[in-house]
Amino acid sequence: MASEYQRPRNIVIVGGGIIGCTTAYFLTRHPAFNPAIHKITLLEAQSIASGASGKAGGLLALWAYPNNIVALSYRLHAELAKEHDGAKRWGYRAVHCGSVTAKGKIKAPTQKNAEATTDVVEEWKKLPKTSIKSKTIASELPDDLDWLDSDSIRSYSEMGTPATTAQVHPYLFTTSIAELAAEKGAQIIMGAVTGIDKSTEGVKSVTYEDKATKEVHTIPATDVVVSAGPWTNTVLPEAPIEALRAHSVVIKADVSPYAVFTDIELPKNYSASRKDVKKRKHGRSVNPEMYARPDGTVYACGEGDSIIPLPRSSDLVECDESRCDDISDYLSLISENLRNGEVVAKQACYLPLVSSPGDRGPIIGKTGVPGLFIAAGHTCWGIQNSCATGKLMSEFIFDGKAKSANIDSLDPKHVMNMGV
Ligand SMILES: Cc1cc2nc3c(=O)[nH]c(=O)nc-3n(C[C@H](O)[C@H](O)[C@H](O)COP(=O)(O)OP(=O)(O)OC[C@H]3O[C@@H](n4cnc5c(N)ncnc54)[C@H](O)[C@@H]3O)c2cc1C
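Residues numbered from 1 in each chain as written. Predicted model: local features only at pLDDT ≥ 70, side-chain atom pairs only at ≥ 80, totals over all residues. Heavy atoms only, no water.

Would you mind going over the overall build of the chain with me for this structure?
Counting its secondary structure elements, the chain contains 10 helices and 22 strands. Total accessible area on the chain stands at roughly 17,600 Å², and carbon and sulfur atoms take up 51% of it. (Helix = DSSP H or I, 4+ residues; strand = E, 2+ residues; numbered from the N terminus. Areas by Shrake-Rupley, 256 points an atom, 1.4 Å probe, with all protein chains shown as cover.)

Honestly, the packing of helix α3 (residues 67–84) against helix α10 (residues 386–399) in this entry has me stumped. Any pointers?
Helix packing for two helices is described by the angle between their axes and how far apart those axes are. Running from N to C, α3 and α10 point in directions that differ by 95°, and their axes come no closer than 7 Å. Comparing their axes, α10 and α3 come out roughly perpendicular. On the side of α3, the interface is formed by Ile69, Leu72, Ser73, Leu76, His77 and Leu80, while α10 contributes Ser386, Cys387, Ala388, Thr389, Lys391 and Leu392. Taken together, the residues of the contact of α3 with α10 break down into seven nonpolar, four polar and one charged. (Axes fitted to C-alpha atoms, helices over the stretch in contact; angles between N-to-C directions. Parallel < 35°, antiparallel > 145°, perpendicular 65-115°, else oblique. Contact = heavy atoms within 4.5 Å. Nonpolar A, V, L, I, M, F, W, Y, C, P; charged D, E, K, R; others polar.)

Explanation requested: the pairing of strand β14 (residues 241–252) in the structure shown.
Look at any regular strand and the pattern is simple: side chains alternate between the two faces of the sheet. Of all 12 residues in β14, nine are buried; the element is thus mostly enclosed. Looking at chain direction, β14 and strand β20 (residues 343–354) are connected through 11 bridges and run antiparallel. Bridged to Ala243 within β20 is Pro352. The pairing of β14 with strand β19 (residues 297–305) spans seven bridges and is classified as antiparallel. What sits directly across from Ala246, in β19, is Gly304. (Buried < 20%, exposed > 50% of the residue type's maximum accessible area, 1.4 Å probe, protein only. Pairing = 2+ DSSP bridges.)

Which parts of the structure should I look at to understand the site of the ligand?
Around the ligand lies a shell of 41 residues, among which Glu44, Ser53, Thr379, Cys380 and Gln384 are the nearest. In the environment of the ligand, an oxygen atom lies 3.5 Å from a nitrogen or oxygen atom belonging to the backbone of Ala52. One nitrogen or oxygen atom from the main chain of Val193 is found 2.9 Å from a nitrogen atom belonging to the ligand. Within the complex, the protein chains bury 98% of what would otherwise be the 1,000 Å² of accessible surface of the ligand. Of all the secondary structure elements, the ones that give two or more residues to the shell around the ligand are α1 (18–29), β2 (38–44), α2 (52–55), β10 (187–199), β19 and β20. When residues of the shell around the ligand are assigned to domains, at least three fall in each of domain 1 (4–90 + 169–240 + 356–414) and domain 2 (95–163 + 242–354). (Near = heavy atom within 4 Å. Polar contact = N/O pair within 3.5 Å; in protein donor to acceptor, adjacent residues only side chain to side chain. Domains from an automatic or database assignment.)

Teacher, can you tell me more about helix α6 (residues 170–183) here?
A turn of α-helix holds 3.6 residues, and therefore any two residues three or four places apart point the same way. In a regular helix each residue adds 1.5 Å, so 14 residues correspond to 20 Å; α6 covers 20 Å between its end C-alpha atoms and thus fits that length. Every buried residue of α6 is accounted for by Pro170, Phe173, Thr174, Thr175, Ser176, Ile177, Ala178, Leu180 and Ala181. Downstream of α6 by one or two residues, Gly185 has phi in the positive range, about 115°. (Expected span 1.5 Å × (residues − 1).)

Quick question: what am I supposed to make of the sheet that holds strand β22 (residues 372–376) here?
With mixed pairing, the eight strands of this open sheet are ordered in space as β12-β11-β10-β2-β1-β13-β22-β21. A strand with exactly one partner marks an edge of an open sheet, and here the two such strands are β12 (216–220) and β21 (363–366). Mean inter-strand twist for the sheet, computed between neighbouring axes without regard to direction, equals 30°. In this sheet, strand β11 (residues 202–210) lies alongside β10 in antiparallel orientation, the contact comprising eight bridges. Each residue of the ladder has a partner; that of Asp197, found in β11, is Ser205.

Even after reading the chapter, I still don't get the confidence of the model for the chain, so can you show me in this structure?
Per-residue pLDDT for the chain has a mean of 91; in total, 89% of the residues score no lower than 70. This stretch, residues 111–120, has a pLDDT under 50; its non-local contacts, to residues over four places away or in other chains, come to 19 contacts. Across residues 275–280, confidence stays below pLDDT 50; counting only partners more than four residues off in sequence or on other chains, it has 15 contacts. (pLDDT = per-residue confidence, 0-100.)

When you look at the packing of α1 against α3 in this model, what are you seeing that I'm missing?
With their axes 14 Å apart at the nearest point, α1 and α3 run at an angle of 70° to one another. Relative to α3, α1 is oriented roughly perpendicular. The handedness of the crossing between α1 and α3 is left-handed. Contacts from Tyr25, Phe26 and Arg29 in α1 reach Leu76, Leu80, Glu83 and His84 in α3. Residue classes in the contact of α1 with α3 are distributed as four nonpolar, one polar and two charged. (Left-handed = near helix turned anticlockwise from the far one by under 90°.)

Looking at this structure, I do not really get unusual backbone geometry. What am I missing?
Cis geometry is adopted by the peptide bond preceding Pro66, which originates at Tyr65 and carries an omega value of -5°. Even without being glycine, Ala49 reaches a positive phi, approximately 65°. With respect to the element layout, Ala49 can be found in the loop between β2 and α2. Not every positive phi belongs to a glycine, and Asp85 is a case in point at roughly 55°. With respect to the helices and strands, Asp85 occurs in the loop between α3 and α4 (86–90).

I would appreciate a short explanation of the environment of Gly191 in the present structure.
Following the sequence through the fold, Gly191 ends up in strand β10. Gly191 gets classed as buried once you look at its relative accessible area, which sits at 1%. Among residues more than four places away in sequence, those in contact with Gly191 are Leu43, Glu44, Ala45, Tyr208, Glu209, Asp210 and Lys211.

What is the right way to read the sheet that holds strand β9 (residues 165–167) from this model?
Two orientations exist for strands paired in a sheet by backbone hydrogen bonds: parallel and antiparallel. Strands sit in the order β3-β9-β4 across an open sheet of three strands; the sheet is antiparallel. With partners counted over all chains shown, the strands left at the sheet margins are β3 (59–61) and β4 (93–94), one partner each. Most of the contacts of α3 go to β3, to which it runs at about 120°, and overall it touches β3 and β9.

Shown next as structure tokens:
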């Protein structure tokens, strides 16, 4: 007998970041999905992966958080990579991961070092990826981590092994997953959602402005998943989601497969090259993260900042190149390979955070309105946790509840009070 969840459905996903795209993918792979009666529409305001999902590091780890979805997501990443040749298609591979403490040494003077004297000291605003201290044991710098200057490194601690840590190229992963969802029937439309018509009975329709034609359309909806990353509360004002900007760079350097978290003590009188805060230098130490990629590059990201509030859309995100220069300059203090490598990308994006005190995010599941779901606030682990989120959203929609993991602690109702 057909279940209540096998009735005709118009499922609308808001946002084409990694969360919206994995949701579309797993809906099309759910055993109950029947393209004859189920319509899946993904609405993306700018382009697929135009926010953090295209500019993140792409680290996957069994030691990430929250622990009720991490293992499921890590396993699903491995399965997807196997099924769709993710190694080739989106750079999936296992990696080593460690943290280093280092004493930065200026080996090639940069312009900023020649010109700057500063007297305001600000501490580095760490992204929350490793704020829960992982168990690490200090050891020798591994022989194959030969792209760090051994005379700068003071200590090395292993955080993960290739059995517990992997990576993807997040832009390639997200766009590939969107293509794979489209191949099985999901429709992807470039358009910004401007309203969701809902009542206590449930959702009725979604209104969007088509990106190309600027025409406004209203489409019927039985189910709506709001997964607009840091923009989630522009679509659902009740959602307690905040945004934090972060800059990153990609440097050409063909090096061994390591993800490295750093704690770099800056040389005396070393000054950052910020334009926005002239009389400023970082405190005693800085903490850029760097991930070697299989395409012969190293991705590195810097600290979070709240200087520029979240703009209306991803195409309006401001990148302060001097913040990117800071990241590559800091890495130059501890790595000859990175010092000599060409910087091929300087970029910025916004991390989605749950603003409710004590909650680290994400929030995944039903709101108080029948048929209205939210999957947002994935903090620093949205790439890692994307597959579990997509899979669980497909279960909420076709099975009525999350089946693959117990995610009661991520229930949106803990942090938002949904009115209509
Ligand atoms: C510097 C940095 C490094 C990171 N590194 C890692 C990492 O190594 N590993 C990891 O697991 N995670 C990492 N993350 C976290 C990860 O990038 C995010 O958690 C994840 O990308 C969030 O995905 P999302 O789909 O929720 O949001 P987004 O990627 O922001 O996507 C939201 C989408 O919604 C669209 N949208 C907005 N408004 C509307 C609207 N009205 N209508 C339609 N569409 C709309 C936007 O255009 C955007 O494409 C990192 C984040 C940052 C900032």
